[in-house]
Amino acid sequence: MDLVDIHSHALFDVDDGPENQPQMQAVVDAAYADGVRTLCLTPHYNPSFFGDRIEQSQISFELLKEYGAENYPDLKLILGNELRYSIDAPAWLAQGKCRTLGDTDHVLVDFFENDPEKTIVKGLQRLVAAGFRPILAHAERYRKLPIKAVAAISRSGIWIQIDVQSLFGDYGRKAKRRARALLRRRLVDVAASDAHDVHNRPPTLSKGYRYVERKYGSKYADAIFRKNPKGLLSYSQEGKETDYE
């Protein structure tokens, strides 16, 4: 299906994803079988919570590239991070301690699920002021971020990402309702797997694609599963598609 997944935790021994190389390879096997042809590896980054695993993530990524080249020559692998926001985040990015997505200026950023709206909005604004282009990870899971606030964030040019599993209730009823509400309002720019393993948090995008295609049409499905993520990963800095009707 030539799907693009910008958010996954497939690298081993770096965060709460796979513990070893075979588990890492199993996640990639599953993603490829599901139709993914561009996969971003985005281990968590915040030394206070996850430690500084920048070197190990590079080692795991190189091993994964070898595996991909041998087994899936048409699979594009891209290294980045999922930044857990902190006041130090702009400095981490400027110093290269936290990676952007594929050396673009886009950075995948998340917050604590109970963070207030003000914390999230100000954090995103600080990243923009520092010269980066944030992608708000799993926007549907922030309990204190109203839909209208997500709409304002989107209007400011920040990209909105949701997890496919949220659409089917895997993160609870509230996240499911919010994810579907964001889709109805055409506020979702990118849908991703946020995969951590092949059982509890698998790399399943095709189910979400079919859901969006059935409910909202193929143009919107193609935009958030293919065109938009390809655009943000390109060096041409293409914008997100907004004409979904």
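Scroll up a little and you will see the structure.
As the structure is a prediction and not an experimental result, all values here were calculated from the model.

Caption draft 1: Spotlight on the sheet that holds strand β1 (residues 3-5). Pairing is parallel across the open sheet formed by three strands, whose spatial order is β1-β2-β4. The open sheet has two edge strands with one neighbour each: β1 and β4 (76-79). Within the sheet, the average angular offset between the axes of one strand and its neighbour, ignoring direction, is 10 degrees. The sheet contact formed by strand β2 (residues 36-41) and β4 spans four bridges and is parallel. In the sheet register, L41 faces β4, and the bridge partner there is L79. Sheet strands in contact with helix α9 (residues 218-233) are β1, β2 and β4, and its direction is about 50 degrees off that of β1.

Caption draft 2: Layout of the pairing of β2. A large share of β2 lies buried, amounting to six of its six residues. Pairing analysis gives three bridges linking β1 to β2, with the strands arranged parallel. Residue pairing across strands places D5 opposite L39, the latter belonging to β2. Note on the crossover from β1 through helix α1 (residues 21-33) to β2: the handedness is right-handed.

Caption draft 3: Main features of the environment of E70. Residue placement: E70 occurs in helix α3 (residues 54-71). We classify E70 as exposed; its relative accessible area is 67%.

Caption draft 4: How the structure looks around helix α7 (residues 173-184). In this model, α7 (12 residues) spans 16 Å end to end at C-alpha, consistent with the 16 Å of a helix rising 1.5 Å per residue. By the burial criterion, the buried members of α7 are A175, R178, A179, A181, L182 and L183. Buried residues belonging to α7 abut α6 (147-155), β8 (159-163), α8 (206-216) and α9. Phi turns positive one or two residues past the end of α7, at R186, with a value near 55 degrees.

Caption draft 5: Local environment of the packing of aromatic side chains. Tallied over the entire structure, the rule returns 10 aromatic pairs. Considering the side-chain rings of Y45 and W92, the 5.4 Å spacing of their centres and the 80 degrees angle between planes classify their relative orientation as edge-to-face. Taken as a pair, Y45 in strand β3 (residues 44-45) and W92 in helix α4 (residues 89-94) lie far apart in primary sequence, 47 residues in all. Note on accessibility: Y45 and W92 belong to one class, buried. A ring pair is formed by F111 and Y142, whose centres lie 6.3 Å apart and whose planes are at 80 degrees; its orientation type is edge-to-face. Residue F111 is located in the loop between β6 (106-110) and α5 (117-129), and its partner Y142 is located in the loop between β7 (133-136) and α6; the two are separated by 31 residues in the primary sequence. Note on accessibility: F111 and Y142 belong to one class, buried. Through pairs of rings, three or more aromatic residues link up here, namely Y32, Y67 and Y72. Lying across the ring of Y171, R141 places its NZ or CZ 4.2 Å from the centre.

Cut-offs used in this document
Residues numbered from 1 in each chain as written. Predicted model: local features only at pLDDT ≥ 70, side-chain atom pairs only at ≥ 80, totals over all residues. Heavy atoms only, no water. Pairing = 2+ DSSP bridges. Helix = DSSP H or I, 4+ residues; strand = E, 2+ residues; numbered from the N terminus. Axes fitted to C-alpha atoms, helices over the stretch in contact; angles between N-to-C directions. Contact = heavy atoms within 4.5 Å. Buried < 20%, exposed > 50% of the residue type's maximum accessible area, 1.4 Å probe, protein only. Right-handed = clockwise from strand over helix to strand, strands pointing away. Expected span 1.5 Å × (residues − 1). Phe/Tyr/Trp six-rings, centres within 6.5 Å; stacked < 30°, edge-to-face > 60°. Lys NZ or Arg CZ within 6 Å of the ring centre and 35° of its normal.

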